[in-house]
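Listed here are the chains, written in short residue letters.
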Amino acid sequence: MLLALLRRFGQMLFVMFGISVLVFLIFFVTPGADPAARIAGRNASPETLEAVRKSFGFDQPVWVQYYTMMKKLFVTQDLTSFVNRGWKVVPAVIDTIPVTLSLVIGAAVLWVVFGLLVGLIAAATRGSWIDKLLMALGLIGCAMPVFWLGEVMNLITQSRYHDTWAFSWVPPLGYKPLSEDPKGWFLTLVIPWITLSILYIGLYGRVLRANLIEAMQEDYIRTARAKGLSETRIMLRHALRTSLISFVTLFGLDFGALVGGAALLTEVVFGLQGVGKLTYDALQNLDLPVIMTTVIYASFFVVLANALVDVVYILLDPRVRSA
């Protein structure tokens, strides 16, 4: 087990190294992508461009530039923004992580709980009006873009019906740290949690229903029925366990991507200064150090989430342990 974990950790480091090289090459070495030109601004003279190249080390060999960049990013942590001179990137990214984690973890709790309920109820009532209603609602949830749903939620809770008894408790857009104001933290995130989770509740519910129905046709389920077990017990104790493998796979990929900044539309709509919003602002200004840092940060969480999924596989399916 320890050897497997060490091997997985080594794979994580290798993947992150590959991603860092790829991102660096794309943004700093691709023909036409001259970071000195972006820093110097439009219509900069050749002398100014040359001075910027020397100042930022762009006149050095590529491997020296990469080494210098990674050293500033991971060792000295004094990598600075190309747009806001003197603004250190690593502390800025670290400051935004609690916001993104608060958003994604809360939404994940909602979509896991309600995704399981939707999938189980739909599979147990297969073919009935309840099944059709849940699947229709799930499809609607999958079809609604997060940014559109977020704007609708804002229109309802922040503007049109804010003064009514139903939404008078909703605070203004923004974020309050959990350590400073737990109640304010919860209230500011309730609507973003619901908005972000609706898509995944529909998706996970539909996937789980399909897997449960398929699992209920397997031979080991027929054996369980022959032993006289109830349908509820068969579904919860036997079919659900194997059906959760696809559920867990999706969860690992989605959770890692969202923590890595894929929740940027939700953060932009609700005014949350998380990693996604930071990346969005950096893309607006083509601030290459910030973009590179957030991409590497995102890759770390995606790789970490996949490693955790592999561990959960072992717990759910004993056949994987010997693979």
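This write-up is about the structure you can find in this document. Predicted model, so just to flag it, every value in this text is computed and none were measured.

**Remarks on the overall build of the protein**
Phase 1: When you go through the protein residue by residue, the secondary structure sums to 13 helices and zero strands.
Phase 2: Scored against the burial criterion, the 323 residues of the protein give a buried share of 40%.
Phase 3: The contacts of the protein with a sequence gap of at least 6 include a subset with a gap of at least 24, amounting to 66%.
Phase 4: Roughly 17,700 Å² of accessible area belongs to the protein as shown, and the carbon and sulfur atoms make up 67% of that amount.
Phase 5: Between the mean site of the 26 positive side-chain charges and the mean site of the 21 negative ones, the protein shows a separation of 8 Å.

**Brief notes about the environment of Phe147**
Phase 1: On the secondary structure map, Phe147 appears in helix H7 (residues 146–160).
Phase 2: Discounting chain neighbours no more than four positions away, the residues touching Phe147 are Leu265 and Val269.

**Section: the side chain of Asp254**
Phase 1: Relative to the elements of secondary structure, Asp254 occurs in helix H10 (residues 231–262).
Phase 2: Excluding residues within four positions of it along the chain, Asp254 makes contact with Trp111, Tyr200 and Tyr204.

**What to know about a nonpolar patch on the surface**
Phase 1: A contiguous nonpolar surface patch, about 500 Å² in accessible area, is contributed by Ile105, Val109, Val113, Phe114, Leu117 and Ile121.
Phase 2: Positionally, Ile121 belongs in helix H5 (residues 89–124).
Phase 3: Owing to a relative accessible area of 40%, Ile121 belongs among the partly exposed residues under this scheme.

**Looking at the nonpolar core**
In summary, soluble globular proteins display a tendency toward joint burial of nonpolar side chains.
Phase 1: By size, the foremost hydrophobic cluster in this structure holds 70 residues, and its most contacted members are Phe28, Trp111, Leu212 and Met292.
Phase 2: When residues of this core are assigned to their parent elements, the largest contribution, 14 residues, is made by H5.

**Digging into empty space enclosed by the protein**
Phase 1: For the coordinates displayed, the defined rule picks out one cavity of 30 Å³ or more.
Phase 2: Put simply, the largest cavity is a space of about 90 Å³.
Phase 3: Along its surface, the largest cavity is lined by 15 residues, and Gln158, Pro171, Leu173, Thr188 and Pro192 are the ones closest to its centre.
Phase 4: Those elements giving two or more residues to the lining of the largest cavity turn out to be H7 and helix H8 (182–215).
Phase 5: Broken down by element, the lining of the largest cavity gets its largest block of residues, five residues, from H8.
Phase 6: Taken together, the residues of the lining of the largest cavity sort by class into ten nonpolar, five polar and no charged.

**Here we look at unusual backbone geometry**
Phase 1: The backbone of Gln77 shows a phi angle near 55°, a positive value even though the residue is not glycine.
Phase 2: Along the polypeptide, Gln77 turns up in the loop between helix H4 (62–75) and H5.

Scoring rules and cut-offs
Residues numbered from 1 in each chain as written. Predicted model: local features only at pLDDT ≥ 70, side-chain atom pairs only at ≥ 80, totals over all residues. Heavy atoms only, no water. Helix = DSSP H or I, 4+ residues; strand = E, 2+ residues; numbered from the N terminus. Buried < 20%, exposed > 50% of the residue type's maximum accessible area, 1.4 Å probe, protein only. Contact = heavy atoms within 4.5 Å. Areas by Shrake-Rupley, 256 points an atom, 1.4 Å probe, with all protein chains shown as cover. Lys, Arg positive; Asp, Glu negative; His and termini not counted. Charge placed at Lys NZ, Arg CZ, Asp CG, Glu CD. Patch = residues over 30% accessible without salt bridge, like charges linked within 9 Å, V, L, I, M, F, W, Y side chains within 5 Å. Salt bridge = Lys/Arg side-chain N within 4 Å of Asp/Glu carboxyl O. Core = buried A, V, L, I, M, F, W, Y, C linked by side-chain atoms within 4.5 Å. 1 Å grid on protein atoms, 1.4 Å probe; cavity = no way out; pocket = protein on both sides within 12 Å on 5 of 7 lines; lining within 4 Å. Points joined across faces, edges and corners; volume = space filled by probe spheres on them. Nonpolar A, V, L, I, M, F, W, Y, C, P; charged D, E, K, R; others polar.

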